[in-house]
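Coordinate inspection notes
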Amino acid sequence: MEKRKELYQGKAKSVFTTDDPETLILFYRNDTSAFDGKKIEQLDRKGMVNNKFNAFIMEKLEAAGIATHFKSLLSDQESLVARLDMIPVECVVRNISAGSICRRLGVEEGLELNPPTFEFFLKNDDLGDPMINDYHISSFGWAEPEHVEKMKALTFAVNDVLKALFLDSNILLVDYKLEFGVATGGEVVLGDEFTPDGCRLWDVDTREKLDKDRFRQGLGDVVESYELVGRRLGLSFD
Ligand code: ADP
Ligand code: UDP
């Protein structure tokens, strides 16, 4: 399967058509961005590490019965995925307080959230990805009401699978962002990626940050930390 036309270039990945209209290639670049694209750097090996990390996680989710767009790894930095009609909404589940919820609600970082909390954000960098609710999504027609419920249910289902998976490697899944799309048959399917670029992961014992906060906060060893998480999960990046 080869790349044909570039459909879209996001902040970290490029999307290409293939000879099959139902199949796309996601190319994981080394670009790393934060603060809605205001901080951008190239990090060696990041594209490869995230591509392989995502493949591993998507396969775990599929095995647990969660439908994803992932088909196969194509090369170090490319994966084949099913083409989706993407819903322009980010679904966030939080198990522990960190990041924007601390700023918005004035709560300290590191509080265990029981039950885990859920937030929707509109995917719009120009507006700084504002927080929205179910009603906004339906009223503005960003997704069908039944698709909204499905996204919520799937995002929590992912939490059950991945919280346990990371904990087995002594890592806390603090929070994460998912994106969904509608497949040709009308089913809501997990799209985009699950990598340390879009979640927070802390070592259980030291609470050391092993995710994109290392980049946001200038802590260094960004890709090294992603690789460390991957290796603890049993992945090899050679
Ligand atoms: P961003 O758009 O946030 O800068 P990326 O650099 O990760 O993010 O770009 C990837 C783009 O590809 C995103 O816009 C995402 O919604 C889109 N995308 C992900 N999976 C699919 C898919 N299966 N079908 C169509 N588009 C997809
Ligand atoms: N996230 C993301 N893309 C975004 C916004 C957030 O992947 O555009 C992820 C982020 O990495 C974290 C979770 O979603 O794991 C919650 O992010 P938060 O709202 O705390 O925003 P942040 O402070 O990280 O910008």
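As shown above, the structure is provided for reference.
Computed from a predicted model, the values in this text were never measured in an experiment.

The buried fraction of strand β7 (residues 78–82) is high, at 4 of 5 residues. The pairing of strand β3 (residues 23–28) with β7 spans 5 bridges and is antiparallel. Directly across from Leu26, in β7, lies its bridge partner Ser79. As defined by bridge partners, strand β6 (residues 70–75) adjoins β7 across 4 bridges and the pair is classed as antiparallel. Residue pairing for β7: Leu73 is matched across the bridge by Ser79.

Let us now look at the state of the cysteines. In a disulfide, the sulfur atoms of two cysteines are covalently bonded to one another. Applying the stated criterion across every chain yields a total of 0 disulfides. With no disulfide of its own, Cys91 has Cys199 as its nearest cysteine by sulfur position, at a separation of 15 Å. Residue class for Cys91 comes out buried when judged on its relative accessible area of 0%. Accessibility expressed as a relative area gives 3% for Cys199, which makes it buried.

Before going further, it helps to examine the packing of aromatic side chains. Counting across every chain of the model gives 5 aromatic pairs. Ring centres of Phe118 and Phe120 lie 4.8 Å apart, and the angle between their planes is 80°; this geometry places the pair in the edge-to-face category. Phe120 shares its class with Phe118; the two are buried. The interplanar angle of 50° and the centroid separation of 5.8 Å between the aromatic rings of Tyr176 and Phe194 together place this pair among those described as tilted. Of this pair, Tyr176 sits in strand β12 (residues 171–178) while Phe194 sits in the loop between β14 (188–190) and β15 (199–203); the two residues are 18 residues apart in sequence, bridging distant segments of the chain. Neither Tyr176 nor Phe194 differs from the other in exposure class; each is buried. Taken together, Phe118, Phe120 and Phe156 form an aromatic cluster joined through their ring pairs. Between Lys13 and the ring centre of Tyr28, over which it is positioned, the NZ or CZ distance is 5.6 Å. Just above the ring of Phe215 sits the side chain of Lys39; from NZ or CZ to the centre is 4.5 Å.

We now examine the site of ligand 2. Around ligand 2 sit 17 residues, and of these Arg94, Ser100, Asp175, Arg200 and Arg216 come closest. Contact between ligand 2 and Asp175: an oxygen atom at 2.6 Å from a side-chain N or O atom of the residue. Those elements that place two or more of their residues in the shell around ligand 2 are β9 (89–96), α2 (100–105), β12 and β15. Per-class residue counts for the shell around ligand 2 are 5 nonpolar, 3 polar and 9 charged.

How each quantity is defined
- Residue positions within a chain follow its written sequence, with the count starting from 1.
- A letter from A marks each chain and a number from 1 marks each ligand, given out in the order of writing.
- Local features are withheld for residues below a pLDDT of 70 in this predicted model, meaning they are given only at 70 or higher, and side-chain atom pairs are given and counted only at 80 or more; totals for whole chains, interfaces and linings count all residues.
- Just so you know, side-chain values use all the structure's heavy atoms and leave hydrogens and water out.
- Working definition: with a 1.4 Å probe on protein chains only, accessible area under 20% of the residue-type maximum means buried, over 50% means exposed, and in between means partly exposed.
- Starting at the N terminus, helices and strands are each numbered in turn, a helix being any DSSP run of H or I of at least four residues and a strand any DSSP run of E of at least two.
- For two strands to pair, DSSP has to find at least two bridges joining them.
- Two cysteine sulfurs form what is called a disulfide whenever their separation falls within 2.5 Å.
- Aromatic pairing here means that ring centres of Phe, Tyr or Trp (its six-membered ring) are within 6.5 Å. Orientation follows from the plane angle: under 30 degrees is stacked, over 60 is edge-to-face, and everything else is tilted.
- Two limits define a charge over a ring: the Lys NZ or Arg CZ must be within 6 Å of the ring centre, and within 35 degrees of the ring normal.
- Only a single heavy atom is needed: when it lies within 4 Å of a molecule or strand, its residue is near that molecule or strand.
- Counting of polar contacts relies on pairs of N or O atoms within 3.5 Å, with two restrictions inside protein: one atom must be capable of donating a hydrogen and the other of accepting it, and residues adjacent in sequence are counted only when both atoms are side-chain atoms.
- Lys, Arg, Asp and Glu make up the charged group, whereas Ala, Val, Leu, Ile, Met, Phe, Trp, Tyr, Cys and Pro make up the nonpolar group; the residues left over, Gly among them, are polar.

As far as function goes, none of this settles anything; it's purely spatial.
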